Amino acid sequence: MTARAILIGAPRSGSGKTSVTIGLLRALARRGVRVRGAKSGPDYIDPGFHQAATGLPGVNLDSWAMAPSLLNGLAGQAAQDAEFIVVESAMGLFDGIPAGAGRTGSGADLARLYGIPSLLVLDVSGQSTTAAAVAKGFATYDPAVRIAGVVLNRLGSERHRRLCTEAVEALGLPVVGAILRDPEMTMPERHLGLVQASEHADLAAFIEKMADMVERSIDLDAVMRLAEPLVTQAGSFAAALPPPGQRIALAQDAAFTFVYPHAVGRWRAAGAEIVPFSPLADEAPPADCDTCWLPGGYPELHAGKLAAAGNFRAGMAAFAREKPIHGECGGFMVLGEALEDADGATHRMLGLLGHSTSFAKRKMNLGYRQARLLADCPLGPTDTGVRGHEFHYARITVPGNDAALAEMTDGEGRPLGPAGARRGHVSGTFFHAIARG
């Protein structure tokens, strides 16, 4: 089975890409189409909504963080397991970082590489025929990125729809959707973006409402006709993160949720067993596991409960005496001595590493990262290169005295210095690993 694909792009974040993508996915699934979602760039949250809408795991396709062979492997795997793929672009369609050709991390990279037609979602609130100027800019900016159609979003009236549609279609671009402004279609957000699918109140009803909106406002048959077969080159999973152990104790609950589907999928494909446990339920990592992984998430929203989880604390200390533990971002914060929440209350954390973090005085840290490991750890052996990203508002208030885990540069190779921490069998960093590279 080789899937047909279309890419949902926009001029910027907040244009309505995610709402349109979720609605399309669910509406197509209602028709009996085996459809799956994909997301360009580093994003944990949207793939969860994609899976909830389709019943199939989402996948990240990151042209900067993933070697071309791995990108091809993941894209090819997705295409073999579906009839139709909806790829959601991160940020604006052409937004990425200065890098080699096809390695910017933008949605446009995927459109070029795999010949995926783009459906442009335009938020036309506050404008009318100017929408055509924006559409023309997208259509002519890069001949290798084909804008196949347009969806007009947040229309105020029938007259508004007519003016925008006539102007855009005069360019030869078909308008295949027109969505009226509706505050109920706004997706709830918090400081790292959208509220996660697992936390959304009445998620199933919300997704059905999105699908109703799409069926009412978008010509599904036209969208399917615009799609093209996703043709990939030969791929390889050699650059995927290998499983950090045979039996991996993985923290999973409302405080620990940020795990890339492709990473866990490759761990399983390599024969590893994932054993979930919940720190918020005061569960310890199972003693028969050989590695423990604390992913990112929102521990700052649950710091008091984590501080009071005595069984979790004792189990982690016992595990650390003999076996590796690794924490990413939120997991790294919990491995430290203390966490100050947004209200200024300080909570005792695990103390397996010496740093303390604060969320009270927030500072955004965002961007691609390249790490060179300074010691063996669950991410790999010493000197291994790992690509990933940071996205957090917390800051380190007490650095501690632990050795650094990695030497870090930004996505363009500018040195950022040593980062993370390691002590005994325990390691952690704000950096989210995506792939070897």
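Just so you know, these numbers come straight off a predicted model, no measurement behind them.

Caption draft 1: Summary view of empty space enclosed by the protein. Using the criterion set out here, one finds 2 cavities of 30 Å³ or more in the structure. What the largest cavity holds in volume is close to 80 Å³. Partitioned by chemical class, the residues of the lining of the largest cavity number 10 nonpolar, no polar and 1 charged.

Caption draft 2: Main features of the state of the cysteines. As enumerated under the stated definition, the model contains 0 disulfides in all. Cysteine C292 remains unbridged, with the sulfur of C289 as its closest cysteine sulfur at 8.1 Å. Looking at C292, the relative accessible area reads 0%, which means it is buried. We note that C377 lacks a disulfide partner, and the nearest cysteine sulfur, in C292, lies 14 Å from it.

Caption draft 3: Inspection of the packing of helix α1 (residues 17-30) against helix α7 (residues 203-217) at higher detail. Contact geometry of α1 with α7 gives a least axis separation of 7 Å together with a crossing angle of 85°. The angle between α1 and α7 places the two elements in the roughly perpendicular class. Between α1 and α7, the contacting residues are S19, V20, I22, G23, L24, R26, A27 and R30 on the first element and I207, E208, M210, A211, D212, M213, V214 and E215 on the second.

Caption draft 4: How the structure looks around the layout of surface pockets. Size it by volume and the second largest pocket reaches roughly 850 Å³. Along the walls of the second largest pocket sit 34 residues, with Q51, P57, V259, Y260 and P261 positioned nearest its centre. Of all elements in the fold, only α2 (45-54), α3 (68-80), α9 (261-269) and β12 (273-277) reach the threshold of two or more residues within the lining of the second largest pocket. The biggest single contributor to the lining of the second largest pocket is α9, with 6 residues.

Caption draft 5: Spatial organisation of the packing of aromatic side chains. In the structure shown here, the tally under the stated rule is 9 aromatic pairs. Arranged with centres 4.2 Å apart and planes meeting at 25°, the rings of Y44 and Y260 form a pair that is stacked. In this pair, Y44 sits in the loop between β2 (35-40) and α2 while Y260 sits in the loop between β11 (247-251) and α9, placing the two residues 216 residues apart along the sequence. Members of the aromatic cluster, each reached through a chain of ring pairs, are Y44, F258, Y260 and Y298.

Caption draft 6: Region of interest: the sheet that holds strand β23 (residues 421-423). Overall, mixed pairing links the 6 strands, which are arranged β12-β11-β13-β14-β24-β23 in an open sheet. In this open sheet, the two edge strands, each paired with only one partner strand, are β12 and β23. The average angle at which neighbouring strand axes cross in this sheet is 15°, direction not considered. Where strand β13 (residues 291-294) and strand β14 (residues 325-328) come together, 3 bridges link them in parallel fashion.

Calculation rules
Starting from 1, residues in each chain are numbered consecutively following that chain's sequence as written. A pLDDT threshold of at least 70 governs which residues receive local features in this predicted model, and a stricter bar of 80 or more applies before side-chain atom pairs are shown or counted, although totals over entire chains, interfaces and linings include all residues. Excluded from the side-chain calculations are hydrogens and water; all other atoms, namely the structure's heavy atoms, are used. Note on definitions: the grid is 1 Å and covers protein atoms alone; a cavity is a set of points where a 1.4 Å probe fits but cannot get out; a pocket is an open set with protein on both sides within 12 Å along at least five of seven lines; lining residues have an atom within 4 Å of a point. Grid points are joined across faces, edges and corners, and a volume is the space filled by probe spheres set on the points. Gly is put with the polar residues, along with every residue not named as nonpolar or charged; the nonpolar set is Ala, Val, Leu, Ile, Met, Phe, Trp, Tyr, Cys and Pro, and the charged set is Asp, Glu, Lys and Arg. Cysteine sulfurs are considered disulfide-paired once they come within 2.5 Å of each other. Here's how the labels work: a residue is buried when its accessible area is under 20% of the maximum for its type, exposed when over 50%, partly exposed in between, all with a 1.4 Å probe on protein chains only. Between the N-to-C directions of two axes lies an angle of 0 to 180 degrees, each axis being a line fitted to C-alpha atoms and, for a helix, fitted only over the stretch in contact. Secondary structure follows DSSP: runs of H or I at least 4 residues long count as helices, runs of E at least 2 residues long count as strands, and numbering of each begins at the N terminus. Roughly parallel here means an angle under 35 degrees, roughly antiparallel means over 145, roughly perpendicular means 65 to 115, and every remaining angle is called oblique. Two residues qualify as a contact provided that any one of their heavy atoms is within 4.5 Å of a heavy atom in the partner residue. Here is the rule: rings of Phe, Tyr and Trp (six-membered ring for Trp) pair when centre to centre is within 6.5 Å. Planes less than 30 degrees apart are stacked, more than 60 are edge-to-face, and the remainder are tilted. For two strands to be treated as a pair, DSSP must find at least two bridges joining them.

Limitation: the analysis is restricted to geometry and does not speak to function.
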